[in-house]
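Coordinate inspection notes
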Amino acid sequence: MTLEQSIDLAELQADMAFDAYLAAFDEDAHPEFLDSLETEALIARSRYDDLRNQGLGH
């Protein structure tokens, strides 16, 4: 997998994690579940940002 493909995949995962968080928020999910989804979304976004920054450095 190329770096560009890894970045694209990380972006997709971050978007999906954020969408899952928003959907659960709209459904008034349990706060602990929302916290878990928020953490997952933040980690996915961080992974994307790290890969993107790595790609910009090359």
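The coordinates are above.
Notes on the structure follow. (Residues numbered from 1 in each chain as written. Predicted model: local features only at pLDDT ≥ 70, side-chain atom pairs only at ≥ 80, totals over all residues. Heavy atoms only, no water.)

1. Focus: the packing of aromatic side chains
Enumeration over the complete set of coordinates arrives at two aromatic pairs. On the basis of an interplanar angle of 35 degrees and a centroid distance of 6.3 Å, the ring pair of Tyr21 and Phe25 is categorised as tilted. Here the residue Tyr21 and the residue Phe25 both occupy positions in helix H1 (residues 3–26), the gap between them amounting to four residues, near one helical turn. Chaining the aromatic ring pairs together yields one cluster made of Phe18, Tyr21 and Phe25. (Phe/Tyr/Trp six-rings, centres within 6.5 Å; stacked < 30°, edge-to-face > 60°. Helix = DSSP H or I, 4+ residues; strand = E, 2+ residues; numbered from the N terminus.)

2. Observations concerning a negative patch on the surface
Taken together, the side chains of Glu4, Asp8, Glu11, Asp15 and Asp19 define an acidic patch exposed on the protein surface. Among the structural elements, Asp19 can be located in helix H1. (Patch = residues over 30% accessible without salt bridge, like charges linked within 9 Å, V, L, I, M, F, W, Y side chains within 5 Å. Areas by Shrake-Rupley, 256 points an atom, 1.4 Å probe, with all protein chains shown as cover. Salt bridge = Lys/Arg side-chain N within 4 Å of Asp/Glu carboxyl O. Lys, Arg positive; Asp, Glu negative; His and termini not counted. Charge placed at Lys NZ, Arg CZ, Asp CG, Glu CD.)

3. Observations regarding H1
With 24 residues, H1 should cover 34 Å at 1.5 Å per step; its first-to-last C-alpha distance of 34 Å lies within 8% of that length. Every buried residue of H1 is listed here: Ser6, Ile7, Ala10, Ala14, Ala17, Tyr21 and Ala24. Looking one or two residues beyond H1, the residue adopting positive phi is Asp28, at roughly 60 degrees. (Expected span 1.5 Å × (residues − 1). Buried < 20%, exposed > 50% of the residue type's maximum accessible area, 1.4 Å probe, protein only.)

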